[in-house]
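Remarks on the overall topology
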Amino acid sequence: MKTAIIFLFLLTALRFDARSETSVFTLDYATNKNNNPFQEVKIIDLRPNKKALGFVKTGINYKLTSITFEGNLPDSLVNFFKADKSNPEKNTDLILILHEFFLTTASTDAARFRLNLRCFTKKPDGRYSEVFNVDTTYKPIGLNIDNKLYRCVSEHFKEIAEKTAVNANKYLSVEKSYTYSDLSVLDSLEKSSIPIYNSINYKQGIFLNYEQFKNNTPELYTVKVDSSNLQDIKIYYSDTIKKKVKKLDNNDVFAISDGISLYKATSFGFYKLIKENNNLVYDGQTSFFMPTSASDASVYFLLFGIVGNAIYFANTKEQSICLRYQVGYLRGNSIPIGVPETANKK
């Protein structure tokens, strides 16, 4: 009954003019040099959540507003890399793989543009090799931060296109090459060689970093998990010699394994990892996503959609909203992909 009431309340809260709850950004190709050597350019979108572009905080009340783009964003990004029709130097094909693209304003004068993009050019043998990649978070600052955030997308894509053109035939690895079919499932292909995604048994111990985690090679400790309070999972460990039991600080490690399950460490605590479609995901909390009103809460529905039967938003004065995150297989960063079925579940 309680769940039903909460669900009806949220549906009522979602009755708003969608246009007033969105912020539209555009791309600027005006100063694009168009001297790229690419005869054909295609993009493969491997983002975990293809609908969520991000959000900005606007107005006097610093209100969450979902970001939208009119048209197909991945296809539009291709325009930065296309050669001018009159360019006689068009002599190769380019494949772009988009792993991450997310925009946020962290405050009234600081923003974040998270991008993971990889560029592959066609070799004489018809296969593709990587020539350039970007895996970074751009941080525009200053007044009119929303406009600066949107402008920086075009500015950085122009730079990326130029660098890709310069490196069109400079392969990052002469050994690694792929067919177009390979690139369309590159995430699955690359995960097949990462032990943690293919392990049935997880070695017990503490993973200090993502390198240890992905190789399933933890520091060897005896680990005990206290999950009696799902809002505050506690991890205890002891070495094999002194046997002294200590409580593990979640800020000091990447993840842990008790030999049965994996737990992701964040600055907010430990969260149980589950394998979902060969991805490692967890439901976690972060103050960065704290809603301040029912209308703010509705932004998460625009970003991620309704998952499950109902969403529970905790008391915002005491507890932040819970989102579902996917561990990025390339470098271990946490990527927001949705709202879990029960927002206070770990």
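Residues numbered from 1 in each chain as written. Predicted model: local features only at pLDDT ≥ 70, side-chain atom pairs only at ≥ 80, totals over all residues. Heavy atoms only, no water.

1. Some words on the overall build of the chain
Along the backbone of the chain there are eight helices and 17 strands. Within the chain, the fraction of its 346 residues that count as buried is 49%. Intrachain contacts of the chain at a sequence separation of at least 6 include 64% that bridge at least 24 residues. (Helix = DSSP H or I, 4+ residues; strand = E, 2+ residues; numbered from the N terminus. Buried < 20%, exposed > 50% of the residue type's maximum accessible area, 1.4 Å probe, protein only. Contact = heavy atoms within 4.5 Å.)

2. Points about the packing of aromatic side chains
Summed over the entire model, instances satisfying the criterion amount to 16 aromatic pairs. A centroid spacing of 6.3 Å and a plane angle of 20 degrees characterise the contact between phenylalanine 25 and phenylalanine 101, whose relative ring orientation is stacked. With phenylalanine 25 in the loop between β1 (22–24) and β2 (38–45) and phenylalanine 101 in strand β5 (residues 92–107), this residue pair connects regions lying 76 residues apart in the sequence. The class of phenylalanine 25 is buried, set by a relative accessible area of 1%. Given a relative accessible area of 3%, phenylalanine 101 falls into the buried group. Pairwise contacts between aromatic rings join Phe25, Phe69, Phe101, Phe113, Tyr138 and Tyr150 into one cluster. We note lysine 264 situated over the ring of phenylalanine 254; from NZ or CZ to the ring centre the distance is 4.3 Å. (Phe/Tyr/Trp six-rings, centres within 6.5 Å; stacked < 30°, edge-to-face > 60°. Lys NZ or Arg CZ within 6 Å of the ring centre and 35° of its normal.)

3. Topic: the side chain of serine 238
Relative to the elements of secondary structure, serine 238 occurs in strand β10 (residues 234–238). Residue serine 238 is classed as buried on the basis of its relative accessible area of 9%. Apart from the residues within four sequence positions on either side, serine 238 is in contact with Tyr221, Thr222, Lys243, Lys244 and Val245.

4. Concerning the side chain of glutamate 100
Among the structural elements, glutamate 100 can be located in strand β5. Every residue in contact with glutamate 100, bar those within four places of it in the chain, is listed here: Arg47, Arg114, Leu115, Asn116, Asn333 and Ile335.

5. Some remarks on the environment of asparagine 169
Here asparagine 169 lies in the loop between α3 (145–166) and α4 (180–184). The exposure class assigned to asparagine 169 is exposed, which follows from its relative accessible area of 56%. Between the alpha carbons of asparagine 169 and lysine 123 there is a distance of 8.0 Å; along the sequence they are 46 residues apart.

6. Brief notes about the nonpolar core
Phe25, Phe81, Phe101, Phe113, Leu115 and Phe157 are the most contacted members of the largest nonpolar core, which totals 38 residues. Listing elements by their share of this core, those giving two or more residues are β2, α2 (73–77), β5, β6 (110–122), β7 (128–138) and α3. Counting residues per element, this core draws most heavily on α3, at nine residues. Not counting residues up to four positions away in its chain, the partners in contact with phenylalanine 157 are Leu77, Phe80, Phe81, Phe101, Phe113, Leu115 and Leu117. Formed by 19 residues, the second largest nonpolar core is a distinct cluster that contains Ile196, Tyr202, Phe207 and Phe254. (Core = buried A, V, L, I, M, F, W, Y, C linked by side-chain atoms within 4.5 Å.)

7. Digging into the pattern of salt bridges
A side chain of one charge can pair with a side chain of the opposite charge when the charged atoms of the two come close. One pass over the full model with this rule turns up 13 salt bridges. Lysine 42 serves as the salt-bridge partner of glutamate 40, at 3.7 Å between the closest nitrogen and oxygen. Of the residues examined, glutamate 40 reaches a relative accessible area of 37% and is grouped as partly exposed. Given a relative accessible area of 34%, lysine 42 falls into the partly exposed group. (Salt bridge = Lys/Arg side-chain N within 4 Å of Asp/Glu carboxyl O.)

8. Some thoughts on the confidence of the model for the chain
Chain-level pLDDT for the chain is 80 on average; 76% of the residues reach the 70-or-more range. Note that pLDDT drops below 50 for residues 287–298; the model gives that stretch 33 contacts with residues more than four away or on any other chain. Counting contacts from residues 306–320, a segment whose pLDDT is below 50, to residues more than four positions away or on other chains yields 34 contacts. (pLDDT = per-residue confidence, 0-100.)

9. Regarding the sheet that holds strand β11 (residues 246–247)
Strand order in the open sheet made by the three strands is β9-β10-β11, with antiparallel pairing throughout. Unpaired on one side and paired on the other, β9 (222–226) and β11 mark the two borders of the sheet. (Pairing = 2+ DSSP bridges.)

10. With respect to unusual backbone geometry
Despite not being glycine, asparagine 144 shows a phi value in the positive range, around 50 degrees. Inspection of the secondary structure puts asparagine 144 in the loop between β7 and α3. Asparagine 144 gets classed as exposed once you look at its relative accessible area, which sits at 59%. Even without glycine at this site, asparagine 278 takes up a positive phi of about 60 degrees. Relative to the elements of secondary structure, asparagine 278 occurs in the loop between β14 (269–276) and β15 (279–285).

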